[in-house]
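Per-entry structural report
One letter stands for each residue in the lines below.
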Amino acid sequence: MALGCSPGRPSGDPLLFWDSNTPSTADPLDADQILHSIAFGPLHATLVDRGRKGRLLGGLAETWRSSPDFTEWSFVFRAGQTYETGEPVEPGHLAAAWERLRKKMAARKSGHPVFDRLAEDGISVAGRTLTLRFKEPYPKLLSQVSDEILGLVHPSCLEPVTGDWRCGRKPISSGPYRLARWDATGVTLRLRDDFPAERRHGRAFREVRITDDPSLRAAADVVYGLSRDGDHPAGARFVGSMDSAVAYARCQSWTLRSSPCADKRARAALRDRFYSELSSAGFVAPLTFFPLSIPGLASVETPRAEGPPARPGPLSFDPVGLRTSFLAPADPALERAAAALGGGAVRRPIPTARRFAEKASGLARYEADVAFFMVEITLEDPLSSVRFMFESKEGARLPDPTGRISAELKRPKPDLQAVNARLFDDAIIWPVAHAGFGVWVAPPVDASLANDAQAVTPLAWLGRAD
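All of these numbers come straight from a predicted model, not from anything done at the bench. Residue numbers here run from 1 along each chain, matching the order of that chain's written sequence. Reporting of local features is limited, given that this is a predicted model, to residues whose pLDDT is at least 70; pairs of side-chain atoms are given and counted only at 80 or more, and all residues count toward the totals for whole chains, interfaces and linings. Derived side-chain values reflect all non-hydrogen atoms in the structure, with water molecules and hydrogen atoms excluded from consideration.

1. Some details on the overall build of the protein
- Going along the chain from the N terminus, every DSSP run of H or I of four or more residues is numbered as a helix, and every run of E of two or more is numbered as a strand. A tally of helices and strands in the protein yields 10 helices and 21 strands.
- Using a 1.4 Å probe on the protein chains alone, a residue whose accessible area is under 20% of its type maximum counts as buried, one over 50% counts as exposed, and one in between counts as partly exposed. Counting only residues that meet the buried cut, the protein has 55% of its 466 residues in that class.
- Here the Shrake-Rupley method, with its probe set to 1.4 Å, supplies the accessible areas, and only the displayed protein chains count as covering residues. As displayed, the protein has an accessible area near 19,300 Å², and 53% of this comes from carbon and sulfur atoms.

Here is the structure:
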């Protein structure tokens, strides 16, 4: 994704933000795409804000405190804050929005670290104070409640009984920006004049255009992407996190008996040959799924496959293509690997609408045997990220064919290195690269205040460099 300016626009506003995806819904629950957080995160204020260089600042809450054992947290809301409509913000509004999210996620067999730890009746409101009670100590809560998906939604946007989204493409802002326009190529946000100046960059852009128009990418001021991207605007520098993103190939169709991925020895042999072909092209894949920026992790010593049985027909795969340019060597490497093992490979792009559904194991058919994906690991709480990858129906939906990984994750203190080793042993998931998420920033934009550890750089803390 990129923030950028249209060619010929005067210095200052508006800012153009480019990305390869466009939002399909304003519902905060539908946050599968990073763009959703970028486009609509600025519309929904959170309890606390860690967008300014990672400092925990008051958001909706002016002050907070925890019990000595960190099982209860209380947040006192600011007085005088309003929605873009001028209506006052109430703590009960956030409690209702969270109850709706909690209910919807449970119905979808999903979750969130905050909701997973909340007691059954763990949300209460008294006056200007919102209190949260947890089943276990939660000392890292503050960094979690700054998550954009936990932002404040206007009560009129939620159906009272079902919690269904009612505002269509007209969300009501409680945050620093409001939605000004939504068309076929993206959205335009405008800075709210009534939003406190101390809770944003002093020279925040008054207008931000977020688009997927490919003709505007080269002119972008800021491009959202990865530290390893090479197709960023000229003169831009990367501002972002340590390696927290994992790009990986996935044997989608391993549950089908007729699939080239059905046999574990065949999968391992194909993976090892794929790695060899990548290496020959000067691209070395990591022998660890989890980035080594997570303490206590190391590369996996994995035995080489002894050789696969005959594979039934060619391998079909969803090519990386232009989605992530630095992964371009993966497509020809997989073709060469499949050819060397006697089956050959065919490129079969998965329709965008099917990509998430194809993460499920046990489907009757798959568009492609192998596909490439990327997942983000929260370095502040990697265990929660890993559990979400395996247990939630909303996330990466990583497979666990033997149940060994699930058993490990249910232990009081799971060993992520053991999970790492079991992923390699199953040979369904093949890590290809690690990278950091962030933004490529061209000179007109000042990103000195932005938290470079967040996967989604907060727009409110970007501003003009002049």
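Still more ground to cover, so stick around.
2. Here we look at the pattern of salt bridges
- We count a salt bridge whenever a side-chain nitrogen from Lys or Arg sits within 4 Å of a carboxyl oxygen from Asp or Glu. Within this structure, the stated rule accounts for 24 salt bridges.
- Note that R181 is salt-bridged to D183, the shortest N-O span being 3.5 Å.
- Among the residues examined, R181 registers a relative accessible area of 40% and is labelled partly exposed.
- Using a relative accessible area of 30% as the deciding quantity, one classes D183 as partly exposed.
- Measuring nitrogen to oxygen at the nearest pair gives 2.8 Å for the salt bridge that ties E408 to R411.
- You can call R411 partly exposed: its relative accessible area is 42%.
- A cluster of three or more residues bridged by salt bridges with shared partners is formed by K264, R404, D425 and D426.

3. Digging into the state of the cysteines
- Two cysteine sulfurs form a disulfide in these notes if their separation is within 2.5 Å. Counted by the stated rule, this structure contains 1 disulfide.
- Between C157 and C167 runs a disulfide, and the two sulfur atoms are separated by 2.0 Å. Looking along the S-S bond of the C157-C167 disulfide, the torsion reads about -90°, which is the left-handed sense. Taken together, the residues C157 in the loop between α4 (141-144) and β9 (177-183) and C167 in the loop between α4 and β9 connect sequence positions 10 residues apart. The residues C157 and C167 share a single accessibility class, namely buried.

4. Some points on the environment of G235
- Residue placement: G235 occurs in the loop between β12 (222-226) and β13 (237-240).
- It is 9.2 Å that separates the C-alpha atoms of G235 and W440, two residues lying 205 residues apart in sequence.
- Not counting chain neighbours up to four residues away, the residues in contact with G235 comprise V441 and P443. Note on contacts: a residue pair is in contact if any heavy atoms of the two residues lie within 4.5 Å.

5. So, empty space enclosed by the protein
- Think of a 1 Å grid over the protein atoms and nothing else: a 1.4 Å probe that fits but is trapped marks a cavity, an open set flanked by protein within 12 Å on at least five of seven lines marks a pocket, and residues with an atom within 4 Å of a point count as lining. Grid points are joined across faces, edges and corners, and a volume is the space filled by probe spheres set on the points. Across all of its chains, the model carries 2 cavities of 30 Å³ or more by this definition.
- Roughly 350 Å³ of volume is contained in the largest cavity.
- Around the largest cavity, the lining is made up of 26 residues, and of these G41, H44, T46, D49 and P458 lie nearest the centre.
- Mapped onto the lining of the largest cavity, the elements with two or more residues apiece are α1 (34-40) and β3 (48-49).
- Taken together, the residues of the lining of the largest cavity sort by class into 12 nonpolar, 10 polar and 4 charged.
- If you add up the space inside the second largest cavity, you get close to 40 Å³.
- In terms of lining, the second largest cavity is formed by P28, A97, R100, L101, I149, G151, V153 and L158.
- Residue polarity follows a fixed list, in which Ala, Val, Leu, Ile, Met, Phe, Trp, Tyr, Cys and Pro are nonpolar, Asp, Glu, Lys and Arg are charged, and the others, Gly among them, are polar. Classifying every residue of the lining of the second largest cavity by side-chain character gives 6 nonpolar, 1 polar and 1 charged.

6. Focus: the layout of surface pockets
- Estimates place the volume of the second largest pocket at around 460 Å³.
- Surrounding the second largest pocket, 17 residues form its lining, P113, D116, R117, S384 and R387 being those nearest its centre.
- If you tally residues by element for the lining of the second largest pocket, the top one is helix α8 (residues 382-391), at 4 residues.
- Residues belonging to the lining of the second largest pocket are distributed by class as follows: 5 nonpolar, 4 polar and 8 charged.

7. Side note on the sheet that holds strand β6 (residues 72-77)
- A strand pair is defined by DSSP finding two or more bridges across the two strands. Spatially, the 4 strands line up as an open sheet ordered β5-β6-β8-β7, and their pairing is antiparallel. Either end of the sheet is taken by a strand with one partner, and the two such strands are β5 (61-66) and β7 (118-126). Neighbour-to-neighbour, the strand axes of this sheet turn through a mean angle of 15°, independent of strand direction.
- As judged from the 5 bridges shared by β5 and β6, these two strands associate in the antiparallel manner. The angle between two axes is taken between their N-to-C directions and runs from 0 to 180 degrees, where each axis is a line fitted to C-alpha atoms and a helix contributes only its stretch in contact.

8. Considerations on the nonpolar core
- The nonpolar core is taken to be a set of buried Ala, Val, Leu, Ile, Met, Phe, Trp, Tyr and Cys residues, with the residues joined through side-chain atoms within 4.5 Å. Core analysis: the biggest nonpolar cluster contains 88 residues, and F274 and F289 have the highest contact counts within it.
- Here this core takes 6 residues from strand β14 (residues 245-251), the largest share from any one element.
- Apart from the residues within four sequence positions on either side, F274 is in contact with A330, A333, L334, A337, F372, W430 and V432.
- One finds I123, F134, Y138 and L150 within the second-largest nonpolar core, a separate group that totals 30 residues.

9. With respect to the side chain of E277
- With respect to the helices and strands, E277 occurs in helix α5 (residues 264-280).
- Look past the residues within four positions of E277 in its chain and what remains in contact with it is A333, R336 and A337.

10. Some thoughts on the pairing of strand β19 (residues 437-441)
- Here β19 lies mainly inside the structure; 5 of its 5 residues are buried.
- In this structure, β12 lies alongside β19, joined through 5 bridges in antiparallel fashion. Across the sheet, G225 pairs through a bridge with G438, a residue of β19.
- In this structure, β13 lies alongside β19, joined through 4 bridges in antiparallel fashion. Bridging from a neighbouring strand, R237 pairs with V441 of β19.

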